[in-house]
Amino acid sequence: MNFAEYQKDDSGIFNPIKASAIPFAYSDGDEIEERIYKTIRSAKDVSLASDELQRSIKDWPSEYHLTPLRANLLSFLHLAKFSKILEIGSGCGAITRQLGEKGRDIVALEGSYRRALITKSRCRDLDNVNVVCDSFERLSIADRFDLVTMIGVLEYSPMFFADLNPVERALARVNELLGDEGVAVFAIENQLGLKYFNGCAEDHTGQLFDGLNNFYEANNIVTFGKKELTRLLLNSGFENLEFIYPFPDYKLPRLLIRDQALQDKDLLVGQIIGQFESKDYVQNQERFLMENRVWPVIEKNGLVPDLSNSFLIIAFKGENRMHELTDSWLMRSFSGARKKKYLTVNRFHKQNGSLLVEKKRSFENSLLTEESEINRKVKHITGISGFIQGKPYNSILPFKLFVGEPVEQYIEYLKPWIQFLDNVAKTAVNKTDLEKGLLPGEYLDCRPDNIIIGKENELIYFDREWEVHELLQIGFIIFRGILHDIINHQY
């Protein structure tokens, strides 16, 4: 890399040799960023999805910067195919760490010196990562890059580009920094995301309906709907675009959907999206709609791309080369935050006309050994299975549990599932009298969210990820199911 216009300081960060304009210095606040810096600086393990860093999560800012879910967003890209990568807006280094572990030569650009320090500390063992503290507008590097990323940055363009059309100028600058066959990756909120119609505050202003009402101020953040964003990208010299839809959003992605999935009649995409409830980052709990019921309607009317909460866009200067940059998939879903060795990804793909789901551990170097699996009471199961047609069990949940008799309604909702568990316990074979009424160990994960209602209204247990080598009390499984509902849903 050519850093002729920069000099490296004692912290290993490249700063402009000549006096520069005031850099763009977005901050989560002094206390928060100092706490994150101390956490990362003192951590022994700063690797991607580090268990040590996860244990330091205590609020939304620390969750955003330290959660392993951030890495899901770009996990499908074969980053090693890009010789030179530029990350615009490294923040506290969550994506930088991923690029550095998976890619080759990385330049992480950050306008805030403190955040640049955090990024450098997080990548301190990666010699292929260079951190530059400068504004995007004045960045002076002669190299052209194979990949440029702007994750959660484009919306801030009016704040760091002194131009009549700052967003267009920022996109044009990205195009200039790319080689002839370069690829850009953008992630940004959708101004028309369903979450904003459903009582979630605008992510940047913290106010209800600010984006929908277009209350964006000059020289401040701005987001776009899909059609407007497409126009901006095409007018900036990108010839081909691939939109991917992250849910609940690009910040904490648990589900990625490609346009091909929306055309596949075997996938009931709306029902799957409905399992990943929108997040409100100012903790407003009131909702107007039950999203697990609304998304199937949105899908039927072809509006998933327009109402997705955020966008991930792969933009090509030349022809669309997605087939070179990733394997074949329609959707990818991810486990929630958990220990690194248990993080998983489900790849939905077609093979010989059949829809398959392949569950893999996200980090191959964290695979459990066979010996440790044998000695553990709980077994973690991965592998390939066929996709099961049907609707999620929680789609039968009463519309509102806030009114009337919510406890009674919830009990009625649980009854078919409890009866299903009871039937399994009664019909299981080879049990002694003392074991009757108990469930086989493979039913450890048989919560309502792992139940599909089939075509004949039969209940089907799927995604059997966990298993124990002993029999289980029905009451324990019921407790697990209810606890999961309480933790994960805003009923």
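**Overview of the overall build of the protein chain**
And then number 1: Of regular secondary structure, the protein chain possesses 17 helices and 21 strands.
And then number 2: The C-alpha atoms of the protein chain give 24 Å as radius of gyration, which agrees with the globular expectation for 491 residues (23 Å, within 12%).
And then number 3: Its C-alpha atoms give the protein chain principal-axis dimensions of roughly 85 × 50 × 50 Å.
And then number 4: For the protein chain, buried positions account for 55% of its 491 residues.
And then number 5: On the protein chain, roughly 22300 Å² of surface is accessible, and the fraction owed to carbon and sulfur atoms is 50%.
And then number 6: A distance of 3 Å separates the average location of the 60 positive side-chain charges in the protein chain from that of its 71 negative side-chain charges.

**Focus: the packing of helix α1 (residues 30-42) against helix α5 (residues 113-122)**
And then number 1: Relative orientation of the contacting elements α1 and α5 amounts to 20 degrees, with a least axis distance of 9 Å. Looking at the two axes, α1 sits roughly parallel to α5. In this structure, the crossing between α1 and α5 has a hand that is left-handed. Judged by residue contacts, Asp-30, Glu-33, Glu-34, Ile-36, Tyr-37, Ile-40 and Arg-41 of α1 engage Arg-114, Arg-115, Leu-117, Ile-118, Ser-121 and Arg-122 from α5.
And then number 2: A class-by-class count of the residues in the contact of α1 with α5 yields five nonpolar, one polar and seven charged.

**Some details on the nonpolar core**
And then number 1: In terms of nonpolar packing, the biggest core is built from 63 residues, with Phe-136, Val-174, Phe-186 and Ile-257 touching the most fellow members.
And then number 2: For this core, the element with the most residues is helix α7 (residues 166-177), which contributes five residues.
And then number 3: Not counting chain neighbours up to four residues away, the residues in contact with Val-174 comprise Ile-88, Phe-136, Val-148, Met-150, Ala-184, Phe-186 and Phe-238.
And then number 4: Counting 46 residues, the second-largest nonpolar core is a separate cluster that includes Ile-13, Ile-118, Cys-123 and Leu-312.

**Some remarks on the side chain of Glu-189**
And then number 1: Tracing the sequence through the fold places Glu-189 in strand β7 (residues 178-189).
And then number 2: Assessed through its relative accessible area of 2%, Glu-189 is described here as buried.
And then number 3: Side-chain polar atoms of Glu-189 contact the side chain of His-204, separated by 3.4 Å.
And then number 4: Among the polar contacts made by the side chain of Glu-189, one reaches the side chain of Tyr-250 at a distance of 3.2 Å.
And then number 5: When sequence neighbours within four positions are dropped, the list of residues in contact with Glu-189 reads Glu-155, Tyr-196, Asp-203, His-204, Thr-223, Phe-224, Tyr-250, Lys-251, Asn-309 and Ser-310.

**Quick word on helix α9 (residues 226-235)**
And then number 1: Within α9 the residues assigned to the buried category are Lys-226, Leu-229, Leu-232 and Leu-233. Looking straight down α9, one finds that the buried residues subtend no more than 125 degrees of arc, so they occupy a single side. Away from its buried face, by an angle of more than 90 degrees, α9 presents the exposed residues Lys-227 and Asn-235.
And then number 2: In this fold, the buried residues of α9 make contact with α7, β7, β8 (240-247), α10 (259-262), α13 (304-307) and β10 (310-316).
And then number 3: Of the residues trailing α9, Gly-237 is marked for its positive phi of about 100 degrees.

**Some thoughts on the sheet that holds strand β16 (residues 391-392)**
And then number 1: Across the sheet, which stays open at both edges, the three strands sit in the order β16-β18-β19 with antiparallel pairing between neighbours. Edge positions in the sheet fall to β16 and β19 (459-461), since each has one partner strand and no second.
And then number 2: Bridge count for β16 against strand β18 (residues 451-453) is two bridges, and the pairing is antiparallel. Considered in β18, the bridge of Pro-392 is made with Ile-452.

**A closer look at the pattern of salt bridges**
Opposite charge on two side chains allows them to pair when their charged atoms are near.
And then number 1: For the structure on display, the rule yields 33 salt bridges.
And then number 2: Between Asp-266 and Lys-350 there is a salt bridge, and its shortest N-O distance comes to 3.4 Å. With Asp-266 in the loop between α10 and α11 (269-273) and Lys-350 in strand β12 (residues 344-351), this residue pair connects regions lying 84 residues apart in the sequence.
And then number 3: Take Lys-350: its relative accessible area is 34%, and that puts it in the partly exposed class.

**Here we look at the side chain of Asn-394**
And then number 1: Structurally, the position occupied by Asn-394 is in the loop between β16 and α16 (406-427).
And then number 2: Classification of Asn-394 as buried rests on a relative accessible area of 4%.
And then number 3: Within the structure, Asn-394 has its side chain in polar contact with the side chain of Gln-275 (distance 3.0 Å).

**Re the packing of α16 against helix α17 (residues 474-488)**
Helix-helix packing is characterised by the crossing angle of the two axes and by the distance between the axes.
And then number 1: Their axes nearest at 11 Å, the elements α16 and α17 cross at an angle of 145 degrees. Here the hand of the crossing between α16 and α17 comes out right-handed. When α16 is examined against α17, the residues Tyr-410, Tyr-413, Leu-414, Trp-417, Ile-418, Leu-421, Asp-422 and Ala-425 are found in contact with a partner set consisting of Ile-474, Ile-477, Ile-478, Gly-481, Ile-482 and Asp-485.
And then number 2: Of the residues assigned to the contact of α16 with α17, the class counts are 11 nonpolar, one polar and two charged.

**Considering a nonpolar patch on the surface**
And then number 1: A surface patch of nonpolar side chains, amounting to about 530 Å² of accessible area, comprises Phe-476, Phe-479, Leu-483, Ile-486 and Ile-487.
And then number 2: When you line up the elements, Ile-486 lands in helix α17.
And then number 3: Its relative accessible area of 60% is what places Ile-486 among the exposed residues.

**Quick look at the packing of aromatic side chains**
Each aromatic ring pair is specified by the distance between its two centres and by the angle formed by the two planes.
And then number 1: As enumerated under the stated definition, the model contains 15 aromatic pairs in all.
And then number 2: Ring centres of Phe-243 and Phe-311 lie 5.5 Å apart, and the angle between their planes is 85 degrees; on these two criteria the pair is classed as edge-to-face. Of the two residues, Phe-243 is situated in strand β8 and Phe-311 in strand β10; the sequence distance between them amounts to 68 residues. Phe-311 shares its class with Phe-243; the two are buried.
And then number 3: Ring plane angle 80 degrees and centroid distance 5.3 Å describe the contact between Phe-247 and Trp-295, whose orientation is recorded as edge-to-face. You can see Phe-247 sitting in strand β8 and its partner Trp-295 sitting in helix α12 (residues 291-300), a full 48 residues away along the chain. The same class applies to Phe-247 and to Trp-295, which are both buried.
And then number 4: Three or more aromatic residues link up through ring pairs in this structure, and these residues are Trp-60, Tyr-64 and Tyr-281.
And then number 5: Over the ring of Tyr-37 we find Arg-41; its NZ or CZ atom is 4.8 Å from the centre of that ring.
And then number 6: Looking at Arg-70, its charged tip hangs above the ring of Tyr-64, at a distance of 4.0 Å from the centre.

What counts as what
Residues numbered from 1 in each chain as written. Predicted model: local features only at pLDDT ≥ 70, side-chain atom pairs only at ≥ 80, totals over all residues. Heavy atoms only, no water. Helix = DSSP H or I, 4+ residues; strand = E, 2+ residues; numbered from the N terminus. Rg over C-alpha atoms; globule rule 2.2 N^0.38 Å. Buried < 20%, exposed > 50% of the residue type's maximum accessible area, 1.4 Å probe, protein only. Areas by Shrake-Rupley, 256 points an atom, 1.4 Å probe, with all protein chains shown as cover. Lys, Arg positive; Asp, Glu negative; His and termini not counted. Charge placed at Lys NZ, Arg CZ, Asp CG, Glu CD. Axes fitted to C-alpha atoms, helices over the stretch in contact; angles between N-to-C directions. Parallel < 35°, antiparallel > 145°, perpendicular 65-115°, else oblique. Left-handed = near helix turned anticlockwise from the far one by under 90°. Contact = heavy atoms within 4.5 Å. Nonpolar A, V, L, I, M, F, W, Y, C, P; charged D, E, K, R; others polar. Core = buried A, V, L, I, M, F, W, Y, C linked by side-chain atoms within 4.5 Å. Polar contact = N/O pair within 3.5 Å; in protein donor to acceptor, adjacent residues only side chain to side chain. Arc of directions from axis to C-beta. Pairing = 2+ DSSP bridges. Salt bridge = Lys/Arg side-chain N within 4 Å of Asp/Glu carboxyl O. Patch = residues over 30% accessible without salt bridge, like charges linked within 9 Å, V, L, I, M, F, W, Y side chains within 5 Å. Phe/Tyr/Trp six-rings, centres within 6.5 Å; stacked < 30°, edge-to-face > 60°. Lys NZ or Arg CZ within 6 Å of the ring centre and 35° of its normal.

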